[in-house]
Amino acid sequence: MKADRTAVFDLLAEYGALIDTANFDEWLGLFAEECRYRIVPHENFDRGLPAALVFCDSRAMLEDRIRSLREANKYNIHTDRHVIGLPRVLDDGLMVEAPFAVFQTDQEGETRLFATGLYRDRLEPSGLHLKIRDKLILLDTFAVPTLLATPL
Amino acid sequence: MKADRTAVFDLLAEYGALIDTANFDEWLGLFAEECRYRIVPHENFDRGLPAALVFCDSRAMLEDRIRSLREANKYNIHTDRHVIGLPRVLDDGLMVEAPFAVFQTDQEGETRLFATGLYRDRLEPSGLHLKIRDKLILLDTFAVPTLLATPL
Amino acid sequence: MKADRTAVFDLLAEYGALIDTANFDEWLGLFAEECRYRIVPHENFDRGLPAALVFCDSRAMLEDRIRSLREANKYNIHTDRHVIGLPRVLDDGLMVEAPFAVFQTDQEGETRLFATGLYRDRLEPSGLHLKIRDKLILLDTFAVPTLLATPL
């Protein structure tokens, strides 16, 4: 099946927006029932090293992770801003790669670059929409400057 | 009426490009005759506080604002670069949300992150194009690092 | 001839992705046989000054340049991340302008804003695809913080 490019763009934009507004329940709803979510420093990935910073291979596990992130966030209160660049749509629209920059603003009002990297998402059709089957987040650095207190 | 997604993307791209090239007359032309333009720190907005950093509720007022910004810019000479991320098109294309990062470069040639935030625009059809009816700029910080010498 | 907007978006996304994954041979393949590639600080360009930081007016010259960049990169090992914002499609899709931010991550894992600017590309149809005929990279600063060790 071929996915509509518009639906791919929408899914990515939605993905970032729901984190930035802390709508984590809706955000979880973007994932397929059976899904995988990984954050991997890209040098590990390139060398075939398995070590992931975050690894969830079911939606239940991802829900759990979100709950603990929210707990951690009490000690690192901030807001996120995802700026997602032009994506590369591959494999009839069921695979997409998109570069991103995430900025964080702390309680003093200071905004900093938090992380950059690449989303590599495998999608699956779900009615008129698309859901995320496998989200691989290739982080540009192994040194995440502060606590990963919200999902990327 | 349903707006064309292409027109929505074009309007946003045009919006950033016209500020970055300091074409403020053309930039004003992107707004509807009756329009509103607000810059609001998002924590104020989230709490329902009315305080806006900039508030214009007519195009005349916006023109005025631009004129004074240009005056201010004599004391803070810089260039802007808007990088607007993938937008979320809502309400049949007459509402759009887009994350942005604005970078500024000063006369010494140093480029810095100036501000990040979210555009939330209500659009209206105008012939083959769209115009901005209501632009709400939700800034990620209440602490804008330097003078707001150009529009966001 | 009119170019498809989808093809324009794809070409830009591909352009950034191929640099970020260091696939320079494929990257070269995005250019037409007869092509031009220039990096110019935008203040020079605005004043009509000819000085370019990089100037290649054939693909052979661009290949040569890439080879020497790779040599330089041995002394400045890093990875790039291109975040390309919403583009402005002009002239029936054969001209495109897109703002960009490039972030670099060094071997210590530190990610920094490297450069911002505007791509101004003249394209030409090539079968079902588009190729770059003339790439003008307007850099926001004349002061590139470190060695230009990969193409922008």
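Engineer: How would you explain the overall build of chain A if you had to name every residue and give the values?
Structural biologist: Across its full length, chain A holds four helices and seven strands. What you see in chain A, going N to C, is helices and strands ordered as α-α-β-α-β-α-β-β-β-β-β. A compact globule built from 152 residues would reach a C-alpha radius of gyration of about 15 Å, and chain A, at 15 Å, matches this within 12%. A principal-axis box enclosing the C-alpha atoms of chain A has dimensions of 45 × 35 × 30 Å. Taking all 152 residues of chain A together, 55% fall into the buried category. Excluding contacts between residues fewer than 6 apart, the proportion of contacts in chain A whose partners are at least 24 apart in sequence is 58%. When the 18 positive and 25 negative side-chain charges of chain A are each reduced to one mean point, those points stand 3 Å apart.

Engineer: Account for the interface of chain A and chain C, naming residues and giving values.
Structural biologist: Between chain A and chain C, the contact holds 20 residues from the first and 22 residues from the second. In total, about 1700 Å² of surface goes out of reach between chain A and chain C, with carbon and sulfur atoms giving 62% of it. The largest contributions to the chain A side of the interface with chain C come from L86, R88 and D140 of chain A, which together make up 38% of the buried area. Summed over the shared surface of chain A and chain C, the number is three salt bridges. A salt bridge links E14 of chain C to R88 of chain A; the nearest nitrogen and oxygen atoms lie 3.1 Å apart. The interface formed by chain A and chain C holds six residue pairs in polar contact (both at pLDDT 80 or more) in total. Among the residues making up the side of chain A that touches chain C, the classes are represented as 12 nonpolar, five polar and three charged.

Engineer: I'd like to hear about the packing of aromatic side chains, residue by residue, with values.
Structural biologist: Taken as a whole and assessed by the stated rule, the structure comprises 24 aromatic pairs over all chains. Look at Y15 of chain A and Y119 of chain A: their rings are 5.4 Å apart centre to centre, the planes differ by 70°, and that puts the pair in the edge-to-face class. Highlighted residues: Y15 of chain A in helix α1 (residues 5-20) and Y119 of chain A in strand β6 (residues 111-126), separated in sequence by 104 residues. A ring pair is formed by W27 of chain B and F31 of chain B, whose centres lie 5.0 Å apart and whose planes are at 70°; its orientation type is edge-to-face. A single burial state applies to W27 of chain B and to F31 of chain B, both of which are buried. Clustering of aromatic rings is evident, with ring pairs tying together Y15, W27, F31, Y37, F100 and Y119 of chain A. The ring of Y119 of chain A has K135 of chain A lying over it, and the distance from NZ or CZ to the ring centre is 3.7 Å.

Engineer: Give me the relation of the copies chain B and chain A: which residues, what numbers.
Structural biologist: With an RMSD of 0.0 Å, the fit of chain B onto chain A corresponds to turning through 120° and sliding 0.0 Å along the axis. The transformation just described matches what one would write down for a three-fold rotation axis. Minimal C-alpha separation from the rotation axis in chain B is found for G85 of chain B, amounting to 3.2 Å.

Engineer: Tell me about the interface of chain B and chain A, and name the residues and values.
Structural biologist: Contacts between the two partners involve 20 residues from chain B and, on the opposite side, 22 residues from chain A. Here chain B and chain A share an interface that buries about 1700 Å² over both sides, 62% of which is from carbon and sulfur atoms. Of all residues in chain B, the largest losses of buried area upon contact with chain A belong to L86, R88 and D140 of chain B, amounting jointly to 39% of the total for that side. At the junction of chain B and chain A, the tally comes to six residue pairs in polar contact (both at pLDDT 80 or more). Sorting the residues of the side of chain B that touches chain A by element identifies α1 (5-20), β5 (95-106) and β6 (111-126) of chain B as the ones contributing at least two each.

Engineer: Residues and numbers for the nonpolar core, please.
Structural biologist: One recurring pattern in soluble globular proteins is that nonpolar side chains are buried together. Judged by nonpolar contacts, the single largest core of 120 residues is most densely connected at W27 and Y37 of chain A, W27 and Y37 of chain B together with W27 and Y37 of chain C. Here Y37 of chain A is in contact with Y15, W27, F31, V54, F55, C56, L62, K135, I137, P151 and L152 of chain A, once residues within four sequence places are set aside. Among the nonpolar cores identified, the runner-up in size contains nine residues, and F103 of chain A, V83 of chain B together with V83 and A101 of chain C belong to it.

Engineer: Explain the pattern of salt bridges to me, and be specific about the residues and the numbers.
Structural biologist: Using the criterion set out here, one finds 48 salt bridges over all chains in the structure. Its salt-bridge partner being R133 of chain B, residue E34 of chain B comes within 3.9 Å of it at the nearest N-O pair. Note that E34 of chain B is positioned in strand β1 (residues 31-41) and R133 of chain B in strand β7 (residues 129-139), a separation of 99 residues in sequence. Three or more residues joined by partner-sharing salt bridges are found here, namely E14 of chain A together with R88, E97 and R120 of chain B.

Engineer: Provide a residue-level description of the side chain of D20 of chain B, including the pertinent values.
Structural biologist: Residue and element names in this part refer to chain B. Residue position: D20 is located in helix α1. Among the residues examined, D20 registers a relative accessible area of 12% and is labelled buried. For D20, the side chain forms a polar contact with the side chain of H82, separated by 2.7 Å.

Engineer: Which residues make up the environment of M95 of chain A, and what values do they have?
Structural biologist: Residue and element names in this part refer to chain A. Along the chain, M95 turns up in strand β5 (residues 95-106). Of the residues examined, M95 reaches a relative accessible area of 15% and is grouped as buried. Spatially, the C-alpha atoms of M95 and P50 are 21 Å apart, while their sequence positions differ by 45 residues. Not counting residues within four places of it along the chain, the set of residues in contact with M95 comprises R88, V89, L90, R120, D121 and R122.

Definitions and cut-offs
- Residues numbered from 1 in each chain as written.
- Chains lettered and ligands numbered in written order.
- Predicted model: local features only at pLDDT ≥ 70, side-chain atom pairs only at ≥ 80, totals over all residues.
- Heavy atoms only, no water.
- Helix = DSSP H or I, 4+ residues; strand = E, 2+ residues; numbered from the N terminus.
- Rg over C-alpha atoms; globule rule 2.2 N^0.38 Å.
- Buried < 20%, exposed > 50% of the residue type's maximum accessible area, 1.4 Å probe, protein only.
- Contact = heavy atoms within 4.5 Å.
- Lys, Arg positive; Asp, Glu negative; His and termini not counted.
- Charge placed at Lys NZ, Arg CZ, Asp CG, Glu CD.
- Buried area = accessible area lost by both parts, 1.4 Å probe.
- Salt bridge = Lys/Arg side-chain N within 4 Å of Asp/Glu carboxyl O.
- Polar contact = N/O pair within 3.5 Å; in protein donor to acceptor, adjacent residues only side chain to side chain.
- Nonpolar A, V, L, I, M, F, W, Y, C, P; charged D, E, K, R; others polar.
- Phe/Tyr/Trp six-rings, centres within 6.5 Å; stacked < 30°, edge-to-face > 60°.
- Lys NZ or Arg CZ within 6 Å of the ring centre and 35° of its normal.
- Least-squares fit on C-alpha atoms with pLDDT ≥ 70 in both.
- Core = buried A, V, L, I, M, F, W, Y, C linked by side-chain atoms within 4.5 Å.

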